[in-house]
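The primary structure of each chain is shown beneath.
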Number of protein chains: 2
Amino acid sequence: LDLPVALDAMGGDHAPDEIVKGAEEAAREGVPVVLVGPEERVRACEAFTGAVPVVDAPEVIGMAEDPAMAIRTKRNSSLVRCAELVTSGLAGAMVSAGNTGATMAAALFKVGRIKNVSRPGIASLLPIPDEDPVVLIDSGAQAECRPEWLVQFAQMGAIFWSLRVGGRTPRVGLLSIGEEEGKGNELTKKAFPELKAASGEVFEFVGNVEGRDILARKADVVVTDGFTGNVALKTMEGTFEFFVRLLLSVFSGSEEAKEVGRKVLELIAPVAEQVHPDTTGGALLLGVKGVCVISHGRSGARAIKNAVRLAHSMEKDHLVAKIAERFR
Amino acid sequence: LDLPVALDAMGGDHAPDEIVKGAEEAAREGVPVVLVGPEERVRACEAFTGAVPVVDAPEVIGMAEDPAMAIRTKRNSSLVRCAELVTSGLAGAMVSAGNTGATMAAALFKVGRIKNVSRPGIASLLPIPDEDPVVLIDSGAQAECRPEWLVQFAQMGAIFWSLRVGGRTPRVGLLSIGEEEGKGNELTKKAFPELKAASGEVFEFVGNVEGRDILARKADVVVTDGFTGNVALKTMEGTFEFFVRLLLSVFSGSEEAKEVGRKVLELIAPVAEQVHPDTTGGALLLGVKGVCVISHGRSGARAIKNAVRLAHSMEKDHLVAKIAERFR
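Given the structure is predicted, the values throughout are model-derived calculations rather than measurements. For every chain, the first residue of its written sequence is number 1, and the numbers climb from 1 along that sequence. Starting at A for chains and at 1 for ligands, labels are handed out in the order in which the entities are written. It should be noted that, the model being predicted, local features are given only for residues of pLDDT at least 70 and side-chain atom pairs only at 80 or more, the latter also being counted only at that level, while totals for whole chains, interfaces and linings use all residues. By convention in this description, side-chain values take in all heavy atoms of the structure and omit both hydrogens and water.

A description of the sheet that holds strand β9 (residues 221-223) of chain A should follow, citing residues and the corresponding values.
All names here are of chain A. The sheet built from eleven strands is open, its strands ordered β3-β2-β1-β4-β11-β10-β5-β6-β9-β7-β8 with mixed pairing. Every interior strand has two partners, whereas the edge strands, β3 (54-56) and β8 (204-209), have only one. Within this sheet the neighbouring strands show an average axis-to-axis angle of 25 degrees, counted without direction. DSSP calls a pair of strands paired once it identifies at least 2 bridges connecting them. We count a stretch as a helix when DSSP gives it H or I for four or more residues in a row; a strand needs E for two or more, and each element gets its number in order from the N terminus. Taken together, the three bridges between strand β5 (residues 121-126) and strand β10 (residues 283-286) define a ladder with antiparallel strand orientation. Directly across from G121, in β10, lies its bridge partner L286. Across the sheet, helix α1 (residues 17-28) lies against β1 (5-8) and β2 (33-37), angled at about 165 degrees from β2, the strand it touches most. Lines are fitted to the C-alpha atoms to define the axes, a helix being fitted only along its stretch in contact, and any angle between axes, read from their N-to-C directions, falls within 0 to 180 degrees. Here, residues are in contact when the closest pair of their heavy atoms is within 4.5 Å.

Right, here's the structure in full:
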């Protein structure tokens, strides 16, 4: 049984056009997907061919709305409908590039938490060219965390990493300041011994890692609270953008500089493709009873297609069952 | 009266050779400096010409030592001697590339806190090519913070920014996740209204900023707790290093790629010079009764020279008096 991915047609800056386009591309590549949103609007999109089924959900949740309230009151919204399709077993996973808080609320209240998981966490996959990717968890779900939640994030992140990469026991690092056990804030000082005690079967705890160690691959899974994780993730994005602006300004000088710039662009294209956020497609909300992929608000068709692929493959690999098994 | 800068000759990975070299360079450029460390070792350094006075301090504080304990017991250490020179008025400022915790402890216990300042914070200057730099405070002094400390960091950071850049009232942003007032963790939610209330004379509060806004210059001064600030700072460093590794690997392929790489290096050199951490020289520990510059552990001679210059100029600009005046 190949269950389709329920895709929120109204989520993100480029909805519904780019979402519909992404869904069509995923379908062409053989990944089953259903579009969930206001049926007429979806069908009116230029990219819509009729190859992808549409589930009507006339209500839309805006980026600024209160997430929990929106999920409770807008029962005909695309997000609530996506979650219901997963719960009823008609869809195998859900994907949205919309309001992150509302997506989490839909997954949490409608799909539900896995038994014994205290809080869901967002696992972001950081691609490293020619190397294994790094998982950063929690990258934004829980702004305030207890030490034991970080241990759960480590376990869930490690299971995700193993399914996605595998081949060995993932190394888990605790994001902190200073490498020694005593260094950090109250949360990391308490979490350190708990992670050490949990080290073994699912992951190997390698101690504290610092901000500069994340992309240096000192750990396969970097564990942190959702506030710090989100700041770190967005700081990486911002630094990348800064660097790209810097290069572009350097290459916009003389004609010769422009020529060098063109050559650099050619050389760097295959690597840029590997590290581009669109290639990953999105982050996984781990700890809920269904595969839920949260895509970037700026997602275009390619990002959406890859998010649908990621969601589908995680469902095929029984991500949820594997986490549930661990937390039984 | 041109007071010299007291420079810890034994701090950092390349001490004492690179430190002595940096001191000699600063002296050649007319910045008064004294080297503080084991006299014989300092005098034995190749770069030592005798132009820079040496204050004997035979004891050395290691990177792994407990900071408060080391400062209390090693009274003949270079760090304690540096702090004493500032306290006695023989030096105008102190600079160290050694153990950050020990440098802070020396400044805090020997030089002392400015009246009404609750906690000192580390202000890091982030250089932006052809634009005003951004100050990130606290980048590592206080791992756990109260909301009112963040307001003090904003004030001190703004005074520092005004002395260093000036020309207008600095915009202060609160590092958080999500731009709206209600977004963030408990600390930022409480600090937001306090920063809003303090907005006016010294700085203009522009609300929450996210990780990706730091280098995009959405604020001149980015305020955060020392844990988050240190993670953000090191994540920027790590992302930069990642990007540089990426470029180098791309340019190490064919002969043609190597040729493109050489041209890029030529084009980028003037910009790289501007953003290189060595150009700034170090971060300011704000809130103590003396100018204290904390340099990177990996500082070479150029970084040290620039750190000495930064310390000297902040002393000349009456940084400490200006903060004290504000907190009276």
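So what about the packing of aromatic side chains? Which residues, and what values?
Between 30 and 60 degrees the pair is tilted, below 30 it is stacked and above 60 it is edge-to-face, where a pair is any two Phe, Tyr or Trp rings, Trp via its six-membered ring, whose centres lie within 6.5 Å. The full count for this structure, using the stated rule, is seven aromatic pairs over all chains. Ring centres of A:F192 and A:F205 lie 5.1 Å apart, and the angle between their planes is 75 degrees; this geometry places the pair in the edge-to-face category. You can see A:F192 sitting in helix α7 (residues 186-198) and its partner A:F205 sitting in strand β8, a full 13 residues away along the chain. Like A:F205, A:F192 is buried. Aromatic rings pair up to connect A:F240, A:F242, A:F243, B:F240, B:F242 and B:F243 into one cluster. Partly exposed residues are those whose accessible area sits between 20% and 50% of the maximum for their type, while under 20% is buried and over 50% is exposed, using a 1.4 Å probe and protein chains only.

Can you tell me about the packing of helix α1 (residues 17-28) of chain B against helix α11 (residues 301-316) of chain B, naming the residues and giving the values?
Residues and elements named next belong to chain B. Interaxial distance between α1 and α11 falls to 7 Å at its minimum, and their mutual angle equals 50 degrees. With respect to α11, the element α1 is oriented oblique. Once α1 is placed against α11, the crossing between them reads as right-handed. The residues of α11 that touch α1, namely those facing E18, I19, K21, G22, A23, E25 and A26, are A301, R302, I304, K305 and V308. When grouped by side-chain class, the residues that make up the contact of α1 with α11 number six nonpolar, one polar and five charged. Under this scheme an angle from 65 to 115 degrees is roughly perpendicular, one under 35 degrees roughly parallel, and one over 145 degrees roughly antiparallel; angles in between are oblique. A crossing counts as left-handed when the near helix is turned anticlockwise from the far one by less than a right angle, and as right-handed when that turn is clockwise. Under the convention adopted here, Pro, Cys and the residues Ala, Val, Leu, Ile, Met, Phe, Trp and Tyr are nonpolar, Asp, Glu, Lys and Arg are charged, and Gly plus all remaining residues are polar.

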